[in-house]
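Structural features, examined
Here is how the chains run, residue by residue.
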Amino acid sequence: AGLEAIGQDIGRYLNDEVICLWSAEKREFAMKTCILDTLSEGICNAVTGRNNAKRMLTEIYEGNGFLIALDAQRQEYRYHHLFQGFLKNLLWETAPGECPNLHAKAGFWFKEQGMMPEAIGHLLDGGFYQEVFELIEHRIDSLIRNNEFGRLLPWVERLPEAYQSKSFKIAAIYALYYAQTGRPDLS
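Presented here is an overview of the structure given in this document. A quick note: this is a predicted structure, and the numbers were derived from the prediction, not measured. (Residues numbered from 1 in each chain as written. Predicted model: local features only at pLDDT ≥ 70, side-chain atom pairs only at ≥ 80, totals over all residues. Heavy atoms only, no water.)

Things to note about the overall build of the chain
For the chain, the count of helices and strands is twelve helices and three strands. C-alpha atoms of the chain, sized along the principal axes, occupy 60 × 40 × 35 Å. A total of 187 residues make up the chain; the buried ones form 39% of that total. When contacts within the chain are restricted to residue pairs at least 6 apart in sequence, those whose partners lie at least 24 apart make up 53%. Accessible surface, the chain: about 10,300 Å² in total, of which carbon and sulfur atoms supply 51%. Taken together, the 19 basic and 25 acidic charged side chains of the chain have centroids lying 3 Å from each other. (Helix = DSSP H or I, 4+ residues; strand = E, 2+ residues; numbered from the N terminus. Buried < 20%, exposed > 50% of the residue type's maximum accessible area, 1.4 Å probe, protein only. Contact = heavy atoms within 4.5 Å. Areas by Shrake-Rupley, 256 points an atom, 1.4 Å probe, with all protein chains shown as cover. Lys, Arg positive; Asp, Glu negative; His and termini not counted. Charge placed at Lys NZ, Arg CZ, Asp CG, Glu CD.)

Right, dumping it as structure tokens:
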């Protein structure tokens, strides 16, 4: 109960002393972008549907809004993990139906950028299994060529059985993974 109380105290502080003092625009931006591990102007604009990410990221960063710059040029950021967790909980409590849509926007943006691992992760989080299946079938050959089966398998296992069972490529991923890990009996 002690850790839970600390968590509630932190949540109350973040709500009362941080989020409630922000403008509606800044709160909305933070809520929509909290699903992202790395924040940049392009992905934030895609997820929020606005063109204000550069300004919002600068305001939050310069206002000590629990945003950490990942590079000297301040092109990429991430939220402090406690703040991100708080925002995700707040998003889930206030607008749970918006989460799949935000993940879809992120997933499709990453797909357009050619960033398949990020695209697949967000599309899976949003429940867009058909899109993930198509990416696995047609866009991840470089990961297979590089023997990154340990990276591929968690994605495949998150797909419903109906998708897993209709793909030769997925069967090959399993076989090659097990052969690579010294389990030829399973491959």
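A word on unusual backbone geometry
The residue Arg74 is not glycine, and still its phi comes out positive at about 55°. One non-glycine residue with positive phi stands out, namely Asn147, at about 55°. Residue placement: Asn147 occurs in the loop between helix 9 (141-145) and helix 10 (149-158). The class for Asn147 is partly exposed, based on a relative accessible area of 45%.

Points about the nonpolar core
Judged by nonpolar contacts, the single largest core of 53 residues is most densely connected at Leu36, Tyr79, Phe83, Leu87, Ile136 and Ile173. Discounting residues that sit within four places of it in the chain, Phe83 has contacts with Leu14, Val18, Ile19, Trp22, Gly65 and Phe66. (Core = buried A, V, L, I, M, F, W, Y, C linked by side-chain atoms within 4.5 Å.)

Some words on the sheet that holds strand 2 (residues 67-69)
Spatial ordering of the open sheet is given by 1-3-2, a layout of three strands whose pairing is antiparallel. With partners counted over all chains shown, the strands left at the sheet margins are strand 1 (39-40) and strand 2, one partner each. In this sheet, strand 3 (residues 76-79) lies alongside strand 2 in antiparallel orientation, the contact comprising three bridges. Bridge pairing in strand 3 places Ile68 opposite Arg78. The strands that helix 4 (residues 53-62) touches are strand 1, strand 2 and strand 3; relative to strand 2, the one it contacts most, it runs at about 105°. (Pairing = 2+ DSSP bridges. Axes fitted to C-alpha atoms, helices over the stretch in contact; angles between N-to-C directions.)

Side note on the packing of aromatic side chains
Counted by the stated rule, this structure contains ten aromatic pairs. Judged by centre distance (6.5 Å) and plane angle (70°), the rings of Phe108 and Phe128 are edge-to-face. In this pair, Phe108 sits in helix 6 (residues 98-112) while Phe128 sits in the loop between helix 7 (116-126) and helix 8 (129-138), placing the two residues 20 residues apart along the sequence. An aromatic cluster is present here, built from Trp22, Phe66, Tyr79, Phe83 and Phe86 joined pairwise through their rings. Above the ring of Phe133, the side-chain terminus of Lys166 is found at 5.2 Å from the ring centroid. (Phe/Tyr/Trp six-rings, centres within 6.5 Å; stacked < 30°, edge-to-face > 60°. Lys NZ or Arg CZ within 6 Å of the ring centre and 35° of its normal.)

Describing the side chain of His122
Here His122 is to be found in helix 7. Judged by its relative accessible area of 9%, His122 is buried.

Remarks on the packing of helix 2 (residues 24-33) against helix 3 (residues 41-48)
Where helix 2 contacts helix 3, the two axes come as close as 9 Å, and the packing angle between them is 100°. Compared by their axis directions, helix 2 and helix 3 come out roughly perpendicular. On the side of helix 2, the interface is formed by Phe29, Lys32 and Thr33, while helix 3 contributes Cys44, Val47 and Thr48. (Parallel < 35°, antiparallel > 145°, perpendicular 65-115°, else oblique.)

Structural notes on the pattern of salt bridges
Within the structure shown, the criterion is met by ten salt bridges. As a salt-bridge pair, Lys32 and Glu28 come within 3.1 Å of each other at their nearest N and O atoms. Here the residue Lys32 and the residue Glu28 both occupy positions in helix 2, the gap between them amounting to four residues, near one helical turn. Given a relative accessible area of 13%, Lys32 falls into the buried group. Accessibility expressed as a relative area gives 30% for Glu28, which makes it partly exposed. The network of salt bridges with common partners includes Glu25, Lys26, Arg55 and Glu59. (Salt bridge = Lys/Arg side-chain N within 4 Å of Asp/Glu carboxyl O.)

By themselves, these are just geometric observations and shouldn't be taken as functional.
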